[in-house]
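# Structural overview for review
Spelled out from the first residue to the last, the chains are:
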Amino acid sequence: MFVPLLLAAACLDPAPPAASERPNVVLIMADDLGWGDVNYHRDVGGAAGAWTPHLDALAKDAVRLERFYSASPVCSPTRASVMTGRHPHRLGITHANVGRLPAEEETLAERLRAAGYATGFFGKWHLGTLTTDRRDANRGRPGNGSDFAPPWEYGFDVTFATESKVPTFDPLWKPRVGARNTWWEPVADPVNAVPYGTAYWTGPGETAEDLRGDDSDLIVNRAAAFIGDAAVAERPFFAVIWFHAPHLPVVAGAEDAARFAPLSDYEKHYRGSVAALDAAVGRVRATLREAGAADNTLVAFCSDNGPEGNATAPGSAGPYRGRKRDLYEGGVRVPGLIHWPAGGLTGGGRSSLPVVSTDLFPTVLAAAGLEPPTDEGRDGVNLLPLLRSGATERGGAIGFTFQNKDAWTEDRYKLIRTKRNAPWELYDLLADPAEAHDLAASQPERVERMADAFAAWRTTLGPTGR
């Protein structure tokens, strides 16, 4: 059982904070970072080549959420789950580049801004397009208002956002010759570069130009300025920092790439982009300390899904089966950390409590002393009392559905099928986290009970979840 180290009354929730004492909140998300891509997981099956000293330091200070699940094995749906506390299929966001945040949906940023928070979004949005006036990224084009859903219309005061992926170095550019889907060398001479096709938007019709250097660093430049300004103004702040790294194409700067020089070019750039992301996380933490805000800031870190590619690609799912786009553990079990010294979430303990990205919405609201929405279709749970009591059981299942794949994860057992007409598989995640031994044939009653529970839940998702 995990028990946090700095709790005076582990089984009791403190009183809601006064408005003047509300914590700051920083939500950090990596893109396609596998469970095994962080060095602090090296002793439990992570990749030997990971270089993440700043995330390792955060893991020593924070609560390690060793069963943190992304709501989906791809990016956009997971992001939607964080912003709304709903399973993304309830919103029609069923895949990357599918759907958009509904205009009527109240987001986490809107709730916090109404409570007096300064709100800022930095990085990869991927919850709708950011322009209706020009071609941009995957779906932005003149006259396309149906997919338009920029951060500034969903509660964010400050925005520095792309619609979707960009290279992880010199994000606005790609080589004139030799651009790959996976990696390339940074282009030293701008004459040899052409626009990548995805802009950084800062507001309606406004873009940032002349962005050069590491993308994670560029994101934190803006986020750090926002945090500093909010601290000077003595306002609580909500900063969402969603990095592009290590989503393809991965491009590392010379210093980060040199650390991995003996590796293949692809892996060198992958590991280098992770190292740059890690350094950017370190900068966020340093900014909080310099602003005097570190103690009363809730910082959560996770990835949006498992690693890209097949088993020969550089990303690591650690000891788990599957990768991005799979509902096996490797596709949805990702690095997860939560740190809030003033709230008792500290000490470097490891929690085996099953949690999901959808839980961040009610957890942040509870930390801020705000009541959660009472309408139907909210799938997340407030993690604070569970983590503070050292709970290892959630007491309810986590449902997954993606394309024709389904899964139903309880505290111990997991039911999964790789397509709708395939038979269910059953795994004991405590005894067999690698999902190597299918127990369905030997436990038909458990399979039937869990399948019935999944079917009942799926009908609540609406047409997109059926």
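Before reading further, recall that the structure is shown in the block above.
Report follows, based on the coordinates. Since the model is a prediction, treat every value here as computed from it, not as a measurement.

This part takes up the sheet that holds strand β17 (residues 413-417). In spatial order, the strands read β15-β16-β17-β18; together these four strands make up an open sheet with antiparallel pairing. Every interior strand has two partners, whereas the edge strands, β15 (398-402) and β18 (425-428), have only one. The mean angle between the axes of side-by-side strands here comes to 15 degrees, regardless of whether they run parallel or antiparallel. Pairing analysis gives five bridges linking β15 to strand β16 (residues 405-409), with the strands arranged antiparallel. Residue I398 lies in a different strand from β16, and its bridge partner there is T409. Most of the contacts of helix α10 (residues 444-459) go to β17, to which it runs at about 70 degrees, and overall it touches β15, β16, β17 and β18.

The full count for this structure, using the stated rule, is 32 salt bridges. Note that E267 and R271 form a salt bridge whose closest N and O atoms lie 3.6 Å from each other. Here E267 and its partner R271 are both found in helix α6 (residues 265-290), four residues apart, which amounts to about one turn of the helix. For E267, a relative accessible area of 25% corresponds to the partly exposed category. As a salt-bridge pair, K405 and D326 come within 3.9 Å of each other at their nearest N and O atoms. Of this pair, K405 sits in strand β16 while D326 sits in the loop between β11 (297-303) and α7 (329-332), placing them 79 residues apart in sequence. D326 sits in the partly exposed class, given a relative accessible area of 25%.

Next up on the list: α6. The first and last C-alpha atoms of α6 sit 37 Å apart over 26 residues, in line with the 38 Å expected at 1.5 Å per residue. One or two positions beyond α6, positive phi appears at G292, with a value near 70 degrees.

Time to look at the side chain of T52. Within the fold, T52 resides in the loop between β1 (24-30) and α1 (53-61). Residue classification places T52 among the buried residues on the basis of a relative accessible area of 1%. Polar contacts involving the side chain of T52 include one to the main-chain amide nitrogen of N39, which spans 2.8 Å. Among residues more than four places away in sequence, those in contact with T52 are D37, V38, N39, Y40, V274 and D278.

When two helices pack together, you describe them by how their axes are tilted relative to each other and by the distance separating the axes. At a minimum axis distance of 9 Å, the contact between helix α4 (residues 215-232) and α6 shows a crossing angle of 10 degrees. Compared by their axis directions, α4 and α6 come out roughly parallel. Side by side, α4 and α6 meet where S216, D217, V220, N221, A224 and I227 of the first sit next to A276, L277, A280, R283, V284, T287 and L288 of the second. Residue composition of the contact of α4 with α6, grouped by class: eight nonpolar, three polar and two charged.

Applying the stated criterion across every chain, the model contains 16 aromatic pairs. Residues F121 and W125 carry aromatic rings whose centres are separated by 5.0 Å and whose planes lie at 85 degrees to one another, so their mutual orientation is edge-to-face. For the pair F121 and W125, one class covers both residues: buried. Note on W125 and F156: the rings are 6.1 Å apart at their centroids and 90 degrees apart in plane angle, and the pair reads as edge-to-face. With W125 in the loop between β4 (118-124) and β5 (158-162) and F156 in the loop between β4 and β5, the pair connects residues that are 31 residues apart, well separated along the chain. Since its relative accessible area comes to 0%, W125 is described here as buried. Connected via pairs of aromatic rings, a cluster forms that spans F121, W125, Y154, F156, F238 and W242.

Definitions and cut-offs
Residues numbered from 1 in each chain as written. Predicted model: local features only at pLDDT ≥ 70, side-chain atom pairs only at ≥ 80, totals over all residues. Heavy atoms only, no water. Pairing = 2+ DSSP bridges. Helix = DSSP H or I, 4+ residues; strand = E, 2+ residues; numbered from the N terminus. Axes fitted to C-alpha atoms, helices over the stretch in contact; angles between N-to-C directions. Contact = heavy atoms within 4.5 Å. Salt bridge = Lys/Arg side-chain N within 4 Å of Asp/Glu carboxyl O. Buried < 20%, exposed > 50% of the residue type's maximum accessible area, 1.4 Å probe, protein only. Expected span 1.5 Å × (residues − 1). Polar contact = N/O pair within 3.5 Å; in protein donor to acceptor, adjacent residues only side chain to side chain. Parallel < 35°, antiparallel > 145°, perpendicular 65-115°, else oblique. Nonpolar A, V, L, I, M, F, W, Y, C, P; charged D, E, K, R; others polar. Phe/Tyr/Trp six-rings, centres within 6.5 Å; stacked < 30°, edge-to-face > 60°.

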